[in-house]
Structure formats: structure tokens, C-alpha cells
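Observations on the three-dimensional arrangement
Here are the chains, one letter per residue:
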Amino acid sequence: MKPILDFVLKKFIQVGTLRVTFSDGTIQTYRGALPGVEAGLHLKTKQAERSLVINSGLAFGEEYMAGELAPEGCTLETLMIVLMANITQGGHVFEEIEDRLRYLLRPFKGLNSLKRSCRNVAHHYDLNGRLYDLFLDKDRQYSCAYFQREDMTLEEAQIAKKRHIASKLNLSRPGLEVLDIGCGWGGLALTLAKEYGATVVGITLSKEQLEEARARVRAEGLEGQVRFELMDYRNVHHEFDRVVSVGMFEHVGQPQFERYFRGIKECLKPDGVALIHSIGRTDGPGTTNAWLQKYIFPGGYSPSLSETLAAVERTGLWMTDCEVLRLHYAKTIAEWRKRFETNRQKIIDLYDERFVRMFELYLVGSELAFRVQGHMNFQLQLTRSVDAVPLTRDYMFESERAKSAV
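About the thresholds
Throughout this document, residue positions are counted from 1 along each chain, in the order its sequence is written. In view of the model being predicted, local features appear only for residues whose pLDDT reaches at least 70, and side-chain atom pairs are presented and counted only at 80 or more, with totals across whole chains, interfaces and linings using the full set of residues. Heavy atoms from the whole structure form the basis of all side-chain values; hydrogens and water molecules are not counted. Following DSSP output, two strands are said to pair if at least two bridges run between them. Numbering of helices and strands starts at the N terminus; helices are DSSP runs of H or I of at least 4 residues and strands are runs of E of at least 2. Simply put, an axis is a line fit to the C-alpha atoms, just over the touching stretch for a helix, and the angle between two N-to-C directions goes from 0 to 180 degrees. We call two residues in contact when some of their heavy atoms are within 4.5 Å. For this analysis, a nonpolar core means a set of buried residues of the types Ala, Val, Leu, Ile, Met, Phe, Trp, Tyr and Cys, connected via side-chain atoms within 4.5 Å. Exposed residues in this analysis have more than 50% of their type's maximum accessible area, buried residues have under 20%, and partly exposed residues fall in between, with area computed by a 1.4 Å probe over protein chains only. The working definition used for a salt bridge is a side-chain nitrogen of Lys or Arg within 4 Å of a carboxyl oxygen of Asp or Glu. Aromatic rings from Phe, Tyr and Trp, taking only the six-membered ring of Trp, are treated as a pair when their centres fall within 6.5 Å; an angle between ring planes under 30 degrees marks them as stacked, one over 60 as edge-to-face, and anything in between as tilted. Ring-over charges, as used throughout, are those where CZ of Arg or NZ of Lys falls within 6 Å of the ring centre and within 35 degrees of the ring normal. Call a crossover right-handed when, viewed with both strands pointing away from you, the route from the first strand across the helix to the second goes clockwise. Here, two cysteine sulfur atoms that lie within 2.5 Å of each other are counted as a disulfide.

Details of the sheet that holds strand 3 (residues 34-43)
Overall, mixed pairing links the four strands, which are arranged 2-1-3-4 in an open sheet. The sheet is open, and its two borders are formed by strand 2 (27-31) and strand 4 (69-71), each paired with just one other strand. Adjacent strand axes in the sheet meet at a mean angle of 25°, parallel and antiparallel pairs treated alike. Where strand 1 (residues 15-21) meets strand 2, five bridges bridge the pair, whose relative direction is antiparallel. Bridge assignment links threonine 17 to a residue of strand 2, and that residue is arginine 31. Its contacts with the sheet place helix 4 (residues 76-88) against strand 1, strand 3 and strand 4, and it is angled at close to 120° to strand 3.

Okay, here's the thing in C-alpha cells:
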């Protein structure tokens, strides 16, 4: 397989330089016509060489987890910068075939039934809670923070994110009923209750998150104001003043987009407001990397705005505001990576070296997806009626500034 891989790499590397040490000890340097970073890759076994030819999208991650390939003379981040920059240029013929096949199978891969959704969520979010304490902020906000200033800490930026979202919900009076779809460990729901006087119902499919969120409600003494349930969004049959969903739409799956937004509409009172916060892609509909799909987020998919808005339009909802957050998530993940590295040995003790390599690859690849591959976050404000929110956006800025001042 070495001659075939050599041929593939000559075609693949168009940006920067990749120096490869093959399993037999020979070294080959591949230089792209376009300037870029230089990185080194050590392929330790013939199996690693074979895998990269046959199924590169899955194999690179699996061989890295197994220790069968590794960065050489550089960091994993530098190696990934070179590889991802060249994937953006078009990849190689085998990767293109794999990608087209994934796109054809996308309607089936994204069929997240109630049972499959529960299984997918458990795969990632029901990991040992101590893991998340070792790299997230104290509130366990596992989504894009909002850096109003360059010098913000992660904790400050996550507080700013919650207030940014709250300003778009237009929580104009106490006692508004709010549904939090995909409530995580409950941080946003608790903030909306304490700072805005909202009555919140949070729903999740993660048993670990549910247990922690309920414990936090008891600790805060908010049992009469905040409630968490183990429930799918498709099983909610009640109208709310506000609906918020942060970092959950990525788990819906493209075939369910219209059903999801129809559910949002059904959960809103006639004058209600919804705010959807999601990872997105700028290059149009695509597919999820095979390794990420298998090991990190089964059933997950980062949507493009074009396919998202098409689904919104079919439900008759009004899109009353849309904001694109570009590098905020890259900065967020960079902070997570620092904390993960600081606690690396603790995480090895919690799991093992293979798990740590898997999670490191996930974090590095995710950060670079926002820096070099056109990923971003978007926030959609949706209503059932044309006059549900004020004519101008001033109310958002005024609310956010008032809370920031406090």
C-alpha cells in the first residue's frame, strides 16, 4: 500500500509541507504549491498506511487513538492544520468518494428516532461527570462562549453568552414560562430563573445531566421555579412564552429539521419567542466526518444556514433575527484545550491513554474547524407572529448592557 499512499499524498498536499516517516523507516517530503505550515507524520505500521488509503476519514483518528501514527517533530495541532487545510482544497480521490457516499447515506445516518437519540446522547453526555469538571467552566457550559472582550476569562465569556441569549428572548417581565430544549447540566435554566424571574422547564435525554441539574435546583432552593425532565422535544405538549435551545440542534439530524422547527412552533404561545443557538457551516450542506460520527457524536451533524432556513420557512415561523458568531467557538475550545492539558494525567487516571488521545483529537479538530474550515455558530430568533418582538433590536442591547453593568 505504500506506493499507493505515496501517490495519494503527492496529489493531496497542495498547501504547506508534510514530511512522512513510513513504517519501513523511509522518509518522504510532500510540498504543496501553495505556502503553508510544515508538519511531520510518523506512520508506525503497515496497517496505518493501508487504512489511510482505504478509509482516511475514519482511519486517521483510529490509528492515532491506537498510537499507530503520531505527529513527528511538531504538535498534533500543527499536523492537523496541514491536513485540514489540504482537505479544504479538495482532499484526495478516495476521500472524495467517501464523502460522496456519506452524502448519499445522509438521510439514513441522520434518522434519529427517539430510541436512537437517547443512545446517541448517552454516548457522549453520560460520560463520568468529573471529566467535564476538568475542562469546562464552573457552570459546565458545553457550548460556544461569547467573548465581548479579548481579555475575558472562560467563566466571564460563558456568563456573557447566557446574557446574550437572554437578551434575544426578550424576558420583559418576571414569571414568563420558558422551555429549555437540551438543557445540559442546567446552567442556563438556573440563570434565567435567578436573574430574569422566569419559570423554566428544562428537558434532556442524558441521565447524568438530569441528575446533576436536579441537584443544582435543590442546592439553589429553586424547586418551585425550575424543573428538569428526561424527555425528547417531540414529546412536549405545552405552550410556553419562550423556547430556548443551545447546542442541541446539531443532534437533531437533517431528516428531522422540519419536525424540530414544527415542534418549536407548537411549543410557542402566539406571541412567544424562540432562540436557537447552533454550530453551523458556511459552505452549504455537507456530511459529518466518519470518525467524529463513530466516536464522538453519533447522529450529530452541523447544519448549513441554507438547509436550516429552508426547514424554518416550511413551518411558517418568522425568523426575526439571525446572528453569526465566527471565531467565538474557536476561542472557547482553545480554553477547554488548555484546561484539558493541565488535567491530562487526571483524565488518564479517570479513563486511559487511548481515551485521552481520542478527546485531544476531537478538541484540536473542532477548534481548527472554526479557524480553517468555515465552521461558525448561528443564533436564530423565531416567532409565530410578525409583531411578537419590538421593531428594532435596541431592546437586546439595552437588556444585555443592563445585566453586564450589574
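Next comes the rest of the write-up.
Some thoughts on the sheet that holds strand 6 (residues 199-204)
Pairing within the open sheet is mixed, and its seven strands lie in the order 7-6-5-8-9-11-10. The two strands at the open ends of the sheet, each matched to only one other strand, are strand 7 (226-230) and strand 10 (318-325). Averaged over all adjacent pairs, the angle separating strand axes in this sheet is 15°, with direction ignored. Of the strand pairs in this sheet, strand 6 and strand 7 are connected by five bridges, and their pairing is parallel. The residue of strand 7 that forms the bridge with glycine 202 is phenylalanine 228. Lying on the sheet, helix 11 (residues 257-267) is in contact with strand 5 (177-181), strand 8 (240-246), strand 9 (268-281) and strand 11 (375-383); it crosses strand 9 at an angle near 150°.

A look at the nonpolar core
Formed by 65 residues in total, the largest nonpolar core has its most connected members in Leu18 and Phe359. Tallying contributions element by element places helix 16 (residues 353-372) first for this core, with 11 residues. Beyond its immediate stretch of four places on either side in the chain, leucine 18 contacts Leu9, Ile13, Gln28, Thr29, Tyr30, Ala39, Leu41, Leu79, Val82 and Leu83. Counting 27 residues, the second-largest nonpolar core is a separate cluster that includes Phe240, Val252, Phe261 and Ala274.

Here's the deal with the pattern of salt bridges
Within the structure shown, the criterion is met by 29 salt bridges. Among the ionic pairs, aspartate 133 bridges to arginine 140, the shortest N-O distance being 2.9 Å. Note that glutamate 367 is salt-bridged to arginine 371, the shortest N-O span being 2.9 Å. Of this pair, glutamate 367 and arginine 371 are both found in helix 16, four residues apart, which corresponds to roughly one turn of the helix. Judged by relative accessible area, which is 4%, glutamate 367 ranks as buried. Take arginine 371: its relative accessible area is 40%, and that puts it in the partly exposed class. In this structure, a network of salt bridges that share partners links the residues Glu77, Arg337, Glu367 and Arg371.

Some remarks on the packing of aromatic side chains
Scanning all chains against the criterion turns up 23 aromatic pairs. On the basis of an interplanar angle of 55° and a centroid distance of 5.3 Å, the ring pair of tyrosine 142 and tryptophan 336 is categorised as tilted. Residue tyrosine 142 is located in the loop between helix 7 (129-133) and helix 8 (154-169), and its partner tryptophan 336 is located in helix 14 (residues 328-342); the two are separated by 194 residues in the primary sequence. Of the two residues examined, tyrosine 142 and tryptophan 336, each falls in the buried class. Consider the rings of tyrosine 260 and phenylalanine 261, whose centres lie 5.1 Å apart with planes at 80°: the pair is edge-to-face. As far as the burial class goes, tyrosine 260 and phenylalanine 261 line up, both buried. Across the ring face of phenylalanine 22, the terminal group of lysine 2 is positioned such that the distance to the ring centre comes to 5.0 Å. Geometry around phenylalanine 147 places lysine 331 over its ring, the cationic atom sitting 4.9 Å from the centre.

A few points about the pairing of strand 5
The buried fraction of strand 5 amounts to four of the five residues, a majority that puts the element mostly inside the structure. Since strand 5 and strand 6 lie parallel, the crossover through helix 9 (residues 187-196) that links them has a hand, and here it is right-handed. Summarising the sheet, strand 5 and strand 8 pair through four bridges and their orientation is parallel. Within the sheet, the bridge partner assigned to aspartate 180 lies in strand 8 and is valine 244.

What to know about the environment of alanine 157
Structurally, alanine 157 is set in helix 8. Its relative accessible area of 0% is what places alanine 157 among the buried residues. Ignoring sequence-local partners within four residues, the contact set of alanine 157 consists of Ala145, Tyr146, Phe147 and Met152.

Let's talk about the pairing of strand 6
When a strand is regular, its side chains alternate between the sheet's two faces. With five of its six residues buried, strand 6 lies for the most part within the structure. On the question of chirality, the crossover connecting strand 6 to the parallel strand 7 by way of helix 10 (residues 207-220) is right-handed.

Here's the deal with the state of the cysteines
What the rule picks out here adds up to zero disulfides. Cysteine 183 supplies the cysteine sulfur nearest to cysteine 267, a cysteine that is in no disulfide, at a spacing of 14 Å. Its sulfur unpaired, cysteine 322 is 14 Å from the next cysteine sulfur, which belongs to cysteine 144. Look at cysteine 322 and you get partly exposed, because its relative accessible area is 32%.

Keep in mind these numbers describe shape, not what the thing actually does.
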